[in-house]
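# A structural walkthrough
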Amino acid sequence: MNTFDYFLMIADFAIAVAIVIGIYNAHRRNDFSPYYYKLFWIGCLIGATWEFTFLFLGPEFLHSFKEWPFGLDGWPRKVSHSIWDGGIFMLGILFCLKILKGPHFTKFRTKEFGIMLSWGIFQELLVEYLFNGRVWVYEPLPWNPIIIPPLLGSATDVGYTLIPQAVWAIAPIIFYFFCLRLKK
């Protein structure tokens, strides 16, 4: 691993820790309600469903571009990414709160749903553009075909496969359902 790889590894965990500390402190100071605090953890659990599924599918499906030392490559990385996923879901909520007038998440609203879904799909494309081929590689398989060829400036020479894109097309729907159900 080179210096940039160590930077990515440290940043991955440092940002996950910062997200947890920030969410916890905001909750403790009553900067946002217990409702949003619970939603963050629900988002982390939703993220963990695919993060750990991908881990169990093994390197034939998804593997690290470079193995991280000190035992940080397997489940510790997946815990970190699950926390990131919870933070990504919370950014979708923040966009809804900032862009739309309330009340929020009291009933199905097309605009809320659209923001959550659009944000999920957009950020997945951005994350794959930035990190696929630099930090991880999804292997093209019959059940995980390439759906987007490599883009100019991306690190992957494989392209972008179906499963990670499908996850972020479905996960915001599930999370939005929890936003509505938890509010009642």
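See the structure above.
Every chain is numbered independently, its residues counted from 1 as its sequence is written. Side-chain atom pairs in this predicted model are given and counted only at pLDDT of 80 or more, local residue features only at pLDDT of at least 70, and totals for whole chains, interfaces and linings cover all residues. With hydrogens and water set aside, each side-chain value is computed from the structure's full complement of heavy atoms.

## Digging into helix α5 (residues 162-183)
What counts, and what does not: In DSSP terms, a helix is any run of H or I states spanning at least four residues, a strand is any run of E spanning at least two, and both are numbered starting from the N terminus. By definition here, a helix of n residues has an expected span of 1.5 Å times n minus one. Buried means the residue's accessible area, taken with a 1.4 Å probe over protein chains only, is under 20% of the maximum for its type, while exposed means over 50%, and partly exposed covers the values in between.
With 22 residues, α5 should cover 32 Å at 1.5 Å per step; its first-to-last C-alpha distance of 32 Å lies within 8% of that length. Regarding α5, the residues found buried are P164, Q165, V167, W168, A171, P172, F175, Y176, C179 and L180.

## A few points about the nonpolar core
One recurring pattern in soluble globular proteins is that nonpolar side chains are buried together. Here is the rule: Think of a nonpolar core as a cluster: buried Ala, Val, Leu, Ile, Met, Phe, Trp, Tyr and Cys residues, connected wherever their side-chain atoms sit within 4.5 Å. Residues are treated as being in contact if the distance between any of their heavy atoms lies within 4.5 Å.
Ranked by size, the top nonpolar core spans 41 residues in total, and within it Y36, L39, W50, I93, F105, F175 and C179 carry the most contacts. Of all elements in the fold, only α1 (3-28), α2 (34-57), α3 (75-99), α4 (110-131), β2 (136-138) and α5 reach the threshold of two or more residues within this core. Counting residues per element, this core draws most heavily on α2, which supplies ten residues. Setting aside its immediate chain neighbours within four residues, L39 contacts M90, I93, F175, F178, C179 and L182.

## A look at the environment of I93
Along the polypeptide, I93 turns up in helix α3. In this structure I93 comes out as buried when scored by relative accessible area, which is 2%. For the pair I93 and V137, spaced 44 residues apart in sequence, the C-alpha separation works out to 29 Å. With sequence-adjacent residues up to four places away left out, I93 is seen in contact with Y36, L39, F105, M116, F175 and C179.

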